[in-house]
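A structural walkthrough
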Amino acid sequence: MYTLKRDDAVLVIVDIQEKLVKAMPEKVYEKIKKNVKILLEASKILNIPVIYTQQYTKGLGETISELKQHLTDCHIEKLTFSCCKEQTFLTKLKATGKKSVILTGMEAHICVLQTAIDLIENQYNVFTVADAVCSRFKDNWKFGLQYMRDAGAKITIVETVLFQLLERSDAKEFKEIQKLIK
C-alpha cells in the first residue's frame, strides 16, 4: 500500500494546459514541466501507461507542447474538476488493470485534489508527486497536498517515485533513469 510498484502503476497528468500554465508563477511552472517530463520519459522506459486530461480545451487550450510531444493519444477531455467524474477517464484507468496512480498536474487544490479523493474512494492507491503538481499560490498548493494526505494519498517526490519503481540499482533501466535526474 505504501510502496509504488511498476507493474501496478499508471501515470496521470491533470490539465497542464497552455492558458493554465500562464497563470502559474514561472519558476514553479518550469519546475513542474521539468518534473512531469522526467516522469513521462521514465514511464516510457519502464512501460508504465500514461493518461492525461484537458479541462475545457476550448477555453484553456491544449496540453503544453513540451509534454504533448511525449504523449500518445490517451487523453481525456473533461469539464468536471475531478477526472473521475468523467466516465471515459475511469474506463481508461480500469482498462490499464493498475491500482496505483502516480498523480501530477494542476491545480493542486482543485482538479488534482478532487481527482485524488475520488481515486481513493474508488479503491486506488494515490501517490501525489508534490514536485510535479502546482497551484497559482503556494498556500493553495500546500493545503491541497495536506488535504490529499489527510484523505489517504501518499505525498511523494519525483526521485522517490523513480527509485521505488526501479527497486534495485542493478535493474536494467537504472542507468537510463539515472540520466533523467542528473
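Refer to the preceding data block for the structure.
Structure report, in brief. Owing to the predicted nature of the structure, the values given are computational and were not obtained by experimental measurement. (Residues numbered from 1 in each chain as written. Predicted model: local features only at pLDDT ≥ 70, side-chain atom pairs only at ≥ 80, totals over all residues. Heavy atoms only, no water.)

Considering the nonpolar core
When a protein is soluble and globular, its nonpolar side chains tend to lie buried together. Formed by 38 residues in total, the largest nonpolar core has its most connected members in Ile13 and Ile16. The set of elements that each furnish at least two residues to this core consists of strand 1 (9-14), helix 1 (18-22), helix 2 (26-46), strand 2 (50-55), strand 4 (100-106), strand 5 (125-134), helix 8 (158-166) and helix 9 (174-181). In terms of residue count, helix 2 provides more of this core than any other element does, nine residues in total. Leaving out residues up to four positions away in the same chain, Ile13 has contacts with Val36, Leu40, Val50, Ile51, Tyr52, Thr53, Leu71 and Thr104. If you look at the next biggest cluster of nonpolar residues, it comprises 27 residues, including Val14, Ile76, Val101 and Val126. (Core = buried A, V, L, I, M, F, W, Y, C linked by side-chain atoms within 4.5 Å. Buried < 20%, exposed > 50% of the residue type's maximum accessible area, 1.4 Å probe, protein only. Helix = DSSP H or I, 4+ residues; strand = E, 2+ residues; numbered from the N terminus. Contact = heavy atoms within 4.5 Å.)

Overview of the pairing of strand 5
Burial analysis of strand 5 places nine of its 10 residues in the buried class, which makes it a mostly covered element. Two strands pair when backbone bridges link them, and strand 4 and strand 5 are joined in this way by six bridges, in the parallel orientation. The residue bridging Val101 from the neighbouring strand is Val126, located in strand 5. After leaving strand 4, the chain enters helix 6 (residues 108-121) and then returns to the sheet as strand 5, a path that is right-handed. Here strand 5 runs beside strand 6 (residues 154-156); their pairing, made up of three bridges, is parallel. Its bridge partner lying in strand 6, Phe127 is registered against Lys154. (Pairing = 2+ DSSP bridges. Right-handed = clockwise from strand over helix to strand, strands pointing away.)

A word on the pattern of salt bridges
Opposite charge on two side chains allows them to pair when their charged atoms are near. Under the defined criterion, the tally for this structure stands at 10 salt bridges. Asp15 is the salt-bridge partner of Lys78, the closest N and O atoms lying 2.8 Å from each other. In this pair, Lys78 sits in strand 3 (residues 75-78) while Asp15 sits in the loop between strand 1 and helix 1, placing the two residues 63 residues apart along the sequence. Judged by relative accessible area, which is 0%, Asp15 ranks as buried. (Salt bridge = Lys/Arg side-chain N within 4 Å of Asp/Glu carboxyl O.)

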